Structures are given as structure tokens and as C-alpha cells.
Amino acid sequence: MAVTRADVARLAGTSPALVSYVLNGGPRRVAPATRARIEAAIAELGYRPNVSARSLRMNRGHALGMVIPDGANPFFAELAAGIELAAFARGYPLFIGNAAGDEERERAYVRSFIDRRVEGLLAISSSWGTGIADACEAAEMVLVAVDRVIDPRRCAHVLCDSVAGARAAVAHLVEHGHREIACLSGPHVSTAEDRVLGYRDALAEAGLPEGRIVRTDFGGAAGYHALRELLHGTPHPTAVFVTSDLQAMGMLRAAYDAGLRVPDDLAVIAFDGIEYARYTRPGLTTMTQPTRRMGELAVDLLLEQIDSHTSRPGVVRLSAELKTRGSCGCSDEF
């Protein structure tokens, strides 16, 4: 059998990802002692990366595929960019299919990637969910789910800990003295559900009653139009936890148009950490997801499974980091 990166990693006592870093010159630095062990293992085993032979051996093209739910959403665009950078650094081109929130379009992209025999698939599922796992399993293609849950029993997942992140966001509002806190959630996908759970946990821990929860799409227009429903009835919320930055940005504009001062009349805190959040007025306080690290981990998990011909189902959860700005009442320094 041909020597693989997994064989090199096993002899060197390290991971296939580090072998890839040595072979491709990055993207992460490898300690000199570890590099020496890897290079010695490569020499001892006679390992030679051969793209053509690899593709013929696996009957697959030397490329990866990725399906995203909405290419117009800056968060998904930033996450896809991080995955593309990680794939390129490891010597793989990445083909991206934008489902645009359409289940049939998502199915079509998955079928297209399978037909073109990409080596592995990364997926942020829009609505098809476990259908992606079914299709990849039937095609004997490795699948890694990113950001949203597909099926942890059948494929690897790289997620941000949305429950803990939402809990921290709402706790921050409580620290500002808010007692009437509403929630603007997204559609019924795992990330939105987890963030609502974290919202409820934080209120329960603070001994506060659950506020109004409104569900809508993740877009800015949806956030703009949701403000009226959130403020309907009494008591009015003094703060809102929003499950995506894009929704929150629309809500900030709606608050301005309604003559509400943020954060004096209504504090706002969101989740995602997209680049544009810093440019709102006031700046948007948000739980920032580690998109670059998520991309690196997802690609490494995919390549390790491709190399070792094994499946590694389960979930890797990374922590979000609170970035405070003016929308919650903190300093609004740029």
C-alpha cells in the first residue's frame, strides 16, 4: 500500500495536520523538534505526495467541496473564506456551492460535488440536514459539518458553542442592570435553537422571567421589521439579545427610525462577530465566533479522515468571545 500522511504522522508521533503543515509550508508554525521528527519519518517511509496517483487511487479529483446556506450573509461568507484559506494552504482547491436558502438547490450542489468526485465535503446545511449525510454515506465520501448540526453520530462537526455564548451575552445585559430582556431568534436551525437555549439559561440563572421571543429569518430586513413585534405589549423590553449580527444591524436601523436611542432606550447585543458589526452606530456588541480557527479545524478533520480512511463522528465546540461596543452600553471606541 502507498504511504499516507497518516503513516508519517504515526511514525513521527504527531497528527496528519502537522505533517500537512510541514509539506505545505503552513499555515501554522511547526516546532523545530516536531518538524525534525516529521522530516525523518518522511525520509524513512519514502513518502512522496503525488496528486495524480492519489486521485487515481481514490477515483476522486484533488479538490474539496463546500455547501453554504446563504452566500449573501457576511457570516457565511467569512466562514467560507476561512475554510478556503485553510484548504488552499494544504494544497487543495475548494469549490463552493451557495444553496441560497433553497433545499432543492442544496441537494443539487451536493449531487454535483459527488458526481465530480471531490475528495470530501464540508457543509453548512440550510434545511436538508441529514439528507447530506445520507448522500455522502452512499457515495462513500467524507463529510464534515460546520456551524450547524447534521448528525453527530455519522459525521464530524466543528461548531461554536452557541449555548454558552448566548448565555454569556445575556448575562452581560443583566450586568448592565437589565431585567426585561427579549430575544430575536433565527429560523429553526440548530444554531438559533442553541442560542435561544442559552438566552433562557442566563435568565433562569439570574432569576429573571423569560421575555418575548420572536423568530424570523437571519437577514437585516427581517431584523428591521421584527422590532415592532418585539416592542408589542407591556412591559417593553429594555434590552434585546439577537441571534445574528445581520438581524441586529437591521434592528439598529429600525430603532433609529422609531426614535429610540440605543442603548439608552434599548440595548442590543448579537452573535457572530462579522467585520461589518464594528461600523454601525453605535458599534454592535457581539459574541464573536472564531471563524478562522473553525475553518482550519474543519479542513484538518476532513483531510485526516480522507488520509486514514476512517470516520470520526462527533462534535468539536469552540468558544465565542464577547466583543463589547456601544450598543449594550459599553464604551464605543472604534
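None of these values were measured; they are calculated from a predicted model.

K.L.:
Honestly, the overall build of the protein chain in this entry has me stumped. Any pointers?
P.N.:
Of the regular secondary structure elements, the protein chain holds 12 helices and 12 strands. Computed over C-alpha atoms, the radius of gyration of the protein chain comes to 22 Å, within 12% of the 20 Å expected from 2.2 N^0.38 for 334 residues, which places it in the range of a compact globule. Every one of the 334 residues in the protein chain was classed for burial, and the buried ones make up 52%. Considering only intrachain contacts with a sequence separation of at least 6, the fraction spanning at least 24 residues in the protein chain is 70%. Entry remark: accessible area of the protein chain is about 14,900 Å², with carbon and sulfur atoms responsible for 50%. Where the 36 positive side-chain charges of the protein chain centre and where its 40 negative ones centre are 4 Å apart.

K.L.:
Could you clarify how one ought to interpret the environment of Asp147 in this entry?
P.N.:
Inspection of the secondary structure puts Asp147 in the loop between strand S4 (142-146) and strand S5 (156-160). Spatially, the C-alpha atoms of Asp147 and Thr191 are 7.2 Å apart, while their sequence positions differ by 44 residues. Look past the residues within four positions of Asp147 in its chain and what remains in contact with it is Phe75, Phe76, Leu79, Ile124, Val158, Leu159, Ser190, Thr191, Gln289 and Met294.

K.L.:
For this particular structure, what's the right way to read the domain arrangement of the protein chain?
P.N.:
Interface size is often expressed as the accessible area that is lost when the parts come together. Per the domain assignment, the segments making up the protein chain are domain 1 (5-49), domain 2 (64-160 + 290-321) and domain 3 (162-289). The C-alpha centroid of domain 3 is placed 46 Å from the C-alpha centroid of domain 1.

K.L.:
How should I be thinking about the environment of Gly65 in this particular structure?
P.N.:
Looking at where Gly65 falls in the secondary structure, it is placed in strand S1 (residues 61-68). Sequence separation of Gly65 and Arg117 is 52 residues, and the distance between their C-alpha atoms is 9.4 Å.

K.L.:
So what exactly am I meant to see when it comes to the pattern of salt bridges here?
P.N.:
Close approach of charged atoms allows side chains of opposite charge to pair. Under the counting rule described, the total for this entry stands at 22 salt bridges. Arg154 is paired through a salt bridge with Glu137; the nearest N and O atoms lie 3.5 Å apart. Highlighted residues: Arg154 in the loop between S4 and S5 and Glu137 in helix H7 (residues 130-138), separated in sequence by 17 residues. Its relative accessible area of 27% is what places Arg154 among the partly exposed residues. We note a salt bridge from Asp147 to Arg148, for which the minimum N-O separation is 4.0 Å. The two residues Asp147 and Arg148 agree in class, both being buried.

K.L.:
How should I be thinking about the nonpolar core in this particular structure?
P.N.:
In globular proteins that are soluble, nonpolar side chains generally tend to be buried together. Core analysis: the largest hydrophobic core is formed by 70 residues, its most contacted members being Leu122, Val144, Val146 and Phe241. Looking at this core element by element, the count peaks at eight residues for helix H12 (residues 291-308). Split by domain, the residues of this core number at least three in each of domain 2 (64-160 + 290-321) and domain 3 (162-289). If we skip the residues at most four places from it in the chain, Val144 touches Leu121, Leu122, Ala123, Ala156, Val158, Ala298, Leu301, Leu302 and Gln305. Counting 17 residues, the second-largest nonpolar core is a separate cluster that includes Val67, Val118, Ala139 and Cys155.

K.L.:
Sorry, what's going on with the side chain of Ser162 here?
P.N.:
Among the secondary structure elements, Ser162 is positioned in helix H8 (residues 162-175). Those residues within four positions of Ser162 in sequence are excluded, and the remaining contacts are Thr191, Asp194, Arg195 and Phe271.

Reading the values: the criteria
- Residues take numbers from 1 onward in each chain, read along the sequence in its written order.
- Local features in this predicted model are restricted to residues whose pLDDT is 70 or higher, and side-chain atom pairs enter the listing and the counts only when it is 80 or higher, whereas totals over whole chains, interfaces and linings include all residues.
- Only hydrogens and water are set aside; all other atoms, that is, all heavy atoms of the structure, feed into the side-chain values.
- Only DSSP runs of H or I reaching four residues or more are called helices, and only runs of E reaching two or more are called strands; each is numbered from the N terminus.
- Within these notes, the globule rule equals 2.2 Å times the number of residues to the 0.38 power, and the radius of gyration is based on C-alpha atoms.
- When a residue's accessible area, from a 1.4 Å probe over protein chains only, is under 20% of the maximum for its type it is buried; when over 50% it is exposed; and in between it is partly exposed.
- Here, two residues are considered to be in contact whenever any of their heavy atoms come within 4.5 Å of each other.
- Per-residue accessibility takes into account occlusion by the displayed protein chains alone, with areas from the Shrake-Rupley method and a 1.4 Å probe.
- Only four residue types enter the charge count, namely Lys and Arg as positive and Asp and Glu as negative; His and the chain termini do not.
- Every charge is mapped to an atom, namely NZ of Lys, CZ of Arg, CG of Asp or CD of Glu.
- Domain start and stop positions are those given by an automatic or database domain assignment.
- Think of a salt bridge as a Lys or Arg side-chain nitrogen and an Asp or Glu carboxyl oxygen that are within 4 Å of each other.
- We define the nonpolar core as a collection of buried residues of types Ala, Val, Leu, Ile, Met, Phe, Trp, Tyr and Cys that are connected through side-chain atoms lying within 4.5 Å of one another.

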